[in-house]
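Below, each chain spelled out in residue letters.
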There are 2 protein chains.
Amino acid sequence: MSLAIRLHVTSTTIFHYCNNTSKKNPFSHNCTKFKANPIYHFDKLSHLVFSHRKKMSSLTSSRGSCGLTVKSSLIEPDGGSLVDLVVPENQRVAKIAEAETMAKVKLTKIDLEWVHVISEGWASPLRGFMREDEYLQSLHFNSLRMKDGSIVNMSLPIVLAIDDEDKEKIGASCDVALVGPNDDLVGILRSIEIYKHNKEERIARTWGTTAPGLPYVEEVITPAGNWLIGGDLEVIKPSKYNDGLDHYRLSPQQLRDEFDRREADAVFAFQLRNPVHNGHALLMNDTRRRLLEMGYKNPILLLHPLGGFTKADDVPLDVRMEQHSKVLEDGVLDPETTIVAIFPSPMHYAGPTEVQWHAKARINAGANFYIVGRDPAGMSHPTEKRDLYDPDHGKKVLSMAPGLEKLNILPFRVAAYDTVDKKMAFFDPSRAKEFLFISGTKMRTYARTGENPPDGFMCPGGWQVLVKYYESLQAEDGVQNSAVLSAR
Amino acid sequence: MSLAIRLHVTSTTIFHYCNNTSKKNPFSHNCTKFKANPIYHFDKLSHLVFSHRKKMSSLTSSRGSCGLTVKSSLIEPDGGSLVDLVVPENQRVAKIAEAETMAKVKLTKIDLEWVHVISEGWASPLRGFMREDEYLQSLHFNSLRMKDGSIVNMSLPIVLAIDDEDKEKIGASCDVALVGPNDDLVGILRSIEIYKHNKEERIARTWGTTAPGLPYVEEVITPAGNWLIGGDLEVIKPSKYNDGLDHYRLSPQQLRDEFDRREADAVFAFQLRNPVHNGHALLMNDTRRRLLEMGYKNPILLLHPLGGFTKADDVPLDVRMEQHSKVLEDGVLDPETTIVAIFPSPMHYAGPTEVQWHAKARINAGANFYIVGRDPAGMSHPTEKRDLYDPDHGKKVLSMAPGLEKLNILPFRVAAYDTVDKKMAFFDPSRAKEFLFISGTKMRTYARTGENPPDGFMCPGGWQVLVKYYESLQAEDGVQNSAVLSAR
């Protein structure tokens, strides 16, 4: 155990991780006599853990012979039915011919990820890139009001940017064709609306900062055009990446079908974009145990890594998927009660705003429990030496978010490395000094430097995947350095 | 008529002012076939004008002898009852004695304006400065969820900042005393909660920019402490300013009583922070006429200038109140059907976010119709040559805002100076060239330079008030310049 690890055990870190932060966190001050105030208080978020009543005790959905028509009864998709925007096969030829007559809008790789997301209904009831009224509601209220007055959550603007030249080309057309980076037809956007893309306002209201260095902003927003184009989407065929991982890309409908097939009576989703260590596994297994204690007969874990755009220093998707499969192979998670699938959304790193999107999309996929950690979708401030978001705001905002009332939110129980028992265990504040916190950054440093983490931190098969990945990076760096030298 | 006025007649200005912007605005593109999309569309905001059904045709509220117990039945206050946080007179001595034992927090002039706002129930159901859960909901959702699941609008964080020293002094206390700039006791904040004041995030999410030069930010937020303190407020006595204008400062309850006394069956509120010209008057009189046409028997206008903090180049409150009273004296507005009162809130200049606050507070004051103009609460971008907000976003956001569904929103009909009829008239796009738009900036320039605006722009009595004010400013500048010279 290196000294470097010990440095991570500061009281700040520990108390930020602690469930009952209101009492222990030296940065907050809280009196408990809130009775006079009629507004909903969340003085103890830990009360929310498992405090929700069981919604159903047995699976009552009917099952037809055609999987795609079966609707899981665990939780309704937002808007009542799952959006599916892929054109039926018998209409494709006609749609392709029609699209050829239309003005073309070229999509980036990340636009394509959003087409994937929208077309499969992860953003239900959204049926296309946002028009201005949806955009404004998302930006100001993190939610959309439906025609019947009901509210669905929608915290991130899901928009398509075009430049002046595109706008000119589109002219007064009502429909446009969407083409991929290689000019292949992707779909059609109908009854379009073009409106101003005020990037500064979008960034400020989404991230709560306009500091330079936000990964999604730099990659997507800054280079984008000054107009947004909204409309109803039709997609010519299902999204495929041909990267050997498409079998992991289950749509919300396919996931619902799989939950039904397994006769799940509860589904708890775990969003991640990092390798799974034994602390995560402990948490997931413990969640299942507690759901069983509550009377559920067959809770299923949806281990749901994010598959779209991530920042440069995150572990790439293929490596993560290999690592996750080792974790199941090594028996750390039970394949019988776990489904591993890819969530196709790009990552915004927008903290409390983004965690709502992560949860909302899992409602559409049929999960009725959502595990939320410390500082979800957070990152370091790009220009200041601090976290960009208050680490507790994610779970607080999630617990109060409009349109997420039907979802059971499970705040993360904090796991850390127990140096006495030599395994990952739930943190016990009474013997704080015996626990080590190993951050994602620290974990990556171990793997990069070839140093082993403490025994029991991660299953050996999973760890080897990471070591191999970082070795390959270094080899690549070596080759590139040699190439640079030889080119001189 | 000077050339300078003509320069204001550009097509951009005209079309921005035009009601049906979706067709005429050269900056937007709109197809009308939105039927496939289930989400609430506002393709034609002008449809909202007078499209709401009349809520009641006669006044049914009971009237007791004690004005303060009568509840207007036109529109319910948010949360069901008006908040009133002024300590009953027979408890004052005891409260003052109790407060003496508490840690003291010193309020600024603008903090006092918020104490006034909260204590009279303009922000009902808020009962004090926001705790963190309220702050987060305001920042992310522009609304608060009540215990019964209902939603009230709350778009601006109403918070009290303290510094490290204050926090230290408060220690583990549950209650603190609030004192004014001269250390006079103002009230008590009970069951307090202290949490971090992330200024950057607050500014970005409230204004949609972090550019330097936002008036409220520079005046209030930047110099404030790094902590926010929330809690339940008790105010020792009603807020008074002793500036000769206190008789205009009617509380929401007093306004409701006055509406009842006048047997109003509709109340339409007009928020402003500028002098009233004949275009405003035309609009207000026309609104009354149309309400009468709809079957209301006695619609009352609440002419409701903002009385708190405004930016340095706005016309000061006392001058505006004198100008407004001239407008009534000159018969431009009918005193029988108009109530002029002061709205005690400070101004944020936060556009679509702030206009919700302006409307929500008027619900609490008993107004069931709210007139919204072009670019409400907007200003120029502090560092770029453009409006900070899209001029149409205010009314769009207001029409979709959670918690404001019960309020009838009346988008501004555009008035301009008709150079043929030589009076303010509703803009007629078919003879656009015959209209002049005179901005607030332009109006102030006239008054400052002593130039008269076109006849019929403003009643002579009102105009003289402005001329006198700007003359006094110049005289003051002269005195100050002489003082500087003589000091050299």
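Not measured: the values here are computed from a predicted model. (Residues numbered from 1 in each chain as written. Chains lettered and ligands numbered in written order. Predicted model: local features only at pLDDT ≥ 70, side-chain atom pairs only at ≥ 80, totals over all residues. Heavy atoms only, no water.)

For the rest of this paragraph, the subject is the overall build of chain A. The helix and strand inventory of chain A stands at 16 helices and 16 strands. Burial status across chain A gives 60% buried among its 488 residues. Long-range pairs, those at least 24 residues apart, make up 75% of the contacts in chain A with a sequence separation of at least 6. Accessible area for chain A stands at about 19500 Å²; split by element, carbon and sulfur atoms hold 51% of it. (Helix = DSSP H or I, 4+ residues; strand = E, 2+ residues; numbered from the N terminus. Buried < 20%, exposed > 50% of the residue type's maximum accessible area, 1.4 Å probe, protein only. Contact = heavy atoms within 4.5 Å. Areas by Shrake-Rupley, 256 points an atom, 1.4 Å probe, with all protein chains shown as cover.)

Going through the model one piece at a time under the given rule, you end up with 64 salt bridges over all chains. Residue Arg190 of chain A is joined to Asp175 of chain A by a salt bridge in which the shortest nitrogen-to-oxygen separation is 3.4 Å. One end of the pair, Arg190 of chain A, is in strand S7 (residues 185-196); the other, Asp175 of chain A, is in the loop between helix H7 (164-170) and strand S6 (176-179), and 15 residues separate them in sequence. On the basis of relative accessible area, Arg190 of chain A is assigned to the buried category, the value being 15%. According to the relative accessible area criterion, Asp175 of chain A is buried, its value standing at 18%. Where Asp314 of chain B meets Arg273 of chain B, a salt bridge forms, and the shortest distance between an N and an O atom there is 2.9 Å. Taken together, the positions of Asp314 of chain B in the loop between strand S10 (299-305) and helix H12 (317-329) and Arg273 of chain B in the loop between strand S9 (266-272) and helix H11 (278-293) put the pair 41 residues apart, joining distant regions of the chain. Of the two residues examined, Asp314 of chain B and Arg273 of chain B, each falls in the buried class. By sharing partners, the salt bridges in this structure join Lys95, Glu98, Asp175, Arg190 and Glu234 of chain A into a single network. (Salt bridge = Lys/Arg side-chain N within 4 Å of Asp/Glu carboxyl O.)

All names here are of chain B. Sheet architecture is open: 5 strands sit in the order S11-S10-S9-S12-S13, paired in parallel fashion. Looking at which strands have only one partner, the edges of the open sheet turn out to be strand S11 (338-340) and strand S13 (408-411). Averaged over all pairs of adjacent strands, the angle between their axes in this sheet comes to 25°, without regard to strand direction. Where S10 meets S11, 3 bridges bridge the pair, whose relative direction is parallel. Bridged to Leu301 within S11 is Thr338. (Pairing = 2+ DSSP bridges. Axes fitted to C-alpha atoms, helices over the stretch in contact; angles between N-to-C directions.)

Across soluble globular proteins, nonpolar side chains have a tendency to be buried as a group. Ile158 and Trp357 of chain A together with Ile158 and Trp357 of chain B are the most contacted members of the largest nonpolar core, which totals 170 residues. The contact partners of Ile158 of chain A, leaving out residues within four places of it in the chain, are Trp114, Ile118, Ala123, Leu126, Phe129, Met130 and Trp357 of chain A. Grouped together as the second largest cluster of nonpolar side chains are 28 residues, Val276, Leu291, Val327 and Ile342 of chain A included. (Core = buried A, V, L, I, M, F, W, Y, C linked by side-chain atoms within 4.5 Å.)

In this section: the packing of aromatic side chains. Summed over all chains, the structure comprises 22 aromatic pairs over all chains. Here Phe343 of chain B and Trp357 of chain B contribute two aromatic rings whose centre-to-centre distance is 6.0 Å and whose plane-to-plane angle is 40°, an arrangement assigned as tilted. Here Trp357 of chain B lies in helix H13 (residues 351-364) and Phe343 of chain B lies in the loop between S11 and H13, a separation of 14 residues in the sequence. Just as Phe343 of chain B is buried, Trp357 of chain B falls in that class too. Three or more aromatic residues joined by ring pairs make a cluster, and in this case those are Trp114, Trp122, Phe343 and Trp357 of chain A. For the cation-ring pair, Arg362 of chain B lies above Phe343 of chain B, with the distance from its terminal atom to the ring centre recorded as 3.9 Å. (Phe/Tyr/Trp six-rings, centres within 6.5 Å; stacked < 30°, edge-to-face > 60°. Lys NZ or Arg CZ within 6 Å of the ring centre and 35° of its normal.)

What follows covers a negative patch on the surface. All names here are of chain A. A surface patch of negative charge is lined by Asp163, Asp164, Glu165 and Glu168. Here Asp164 is to be found in helix H7. A relative accessible area of 48% means that Asp164 is categorised as partly exposed. (Patch = residues over 30% accessible without salt bridge, like charges linked within 9 Å, V, L, I, M, F, W, Y side chains within 5 Å. Lys, Arg positive; Asp, Glu negative; His and termini not counted. Charge placed at Lys NZ, Arg CZ, Asp CG, Glu CD.)

This paragraph deals with the sheet that holds strand S16 (residues 435-436) of chain B. One key point about sheets: their strands pair by backbone hydrogen bonds, in either a parallel or an antiparallel sense. Residues and elements named next belong to chain B. Taken in spatial order, the 3 strands make up an open sheet running S15-S14-S16, and their pairing is antiparallel. In this open sheet, the two edge strands, each paired with only one partner strand, are strand S15 (423-426) and S16. Along the sheet, H11 makes contact with strand S14 (415-418) and S15, crossing S15 at roughly 45°.

Here the focus is helix H8 (residues 199-207) of chain A. In terms of burial, H8 of chain A is a largely internal element, 9 of the 9 residues being buried. Residues of H8 of chain A that are buried include every one of Lys199, Glu200, Glu201, Arg202, Ile203, Ala204, Arg205, Thr206 and Trp207 of chain A, and no others. Those residues of H8 of chain A that are buried lie in contact with helix H6 (132-141), helix H9 (215-221) and helix H13 (351-364) of chain A together with helix H8 (199-207), H13 and helix H14 (393-400) of chain B. At the N-terminal end of H8 of chain A, a side-chain oxygen is found 3.3 Å from the backbone nitrogen of Glu200 of chain A, two or three residues along, and the residue is Asn198 of chain A. Gly208 of chain A occupies a position one or two residues after H8 of chain A and carries a positive phi of about 70°. (Polar contact = N/O pair within 3.5 Å; in protein donor to acceptor, adjacent residues only side chain to side chain.)

With that out of the way, let us pick up the domain arrangement of chain A. All names here are of chain A. Partitioning chain A into structural domains gives domain 1 (89-235) and domain 2 (246-343 + 413-475). In this structure, domain 1 and domain 2 have C-alpha centres spaced 32 Å apart. Domain 1 puts 9 residues into the contact, and the matching count from domain 2 is 11 residues. Interface of domain 1 and domain 2: buried area, both sides summed, is about 740 Å²; carbon and sulfur atoms make up 82% of it. Looking only at domain 1, the three residues that lose the most surface to domain 2 are Glu120, Trp122 and Pro215, adding up to 61% of its buried area. Summed over the shared surface of domain 1 and domain 2, the number is 0 salt bridges. Joining domain 1 to domain 2, the criterion identifies 1 residue pair in polar contact (both at pLDDT 80 or more). Those elements that place two or more of their residues in the side of domain 1 that touches domain 2 are helix H5 (109-119) and H9. (Domains from an automatic or database assignment. Buried area = accessible area lost by both parts, 1.4 Å probe.)

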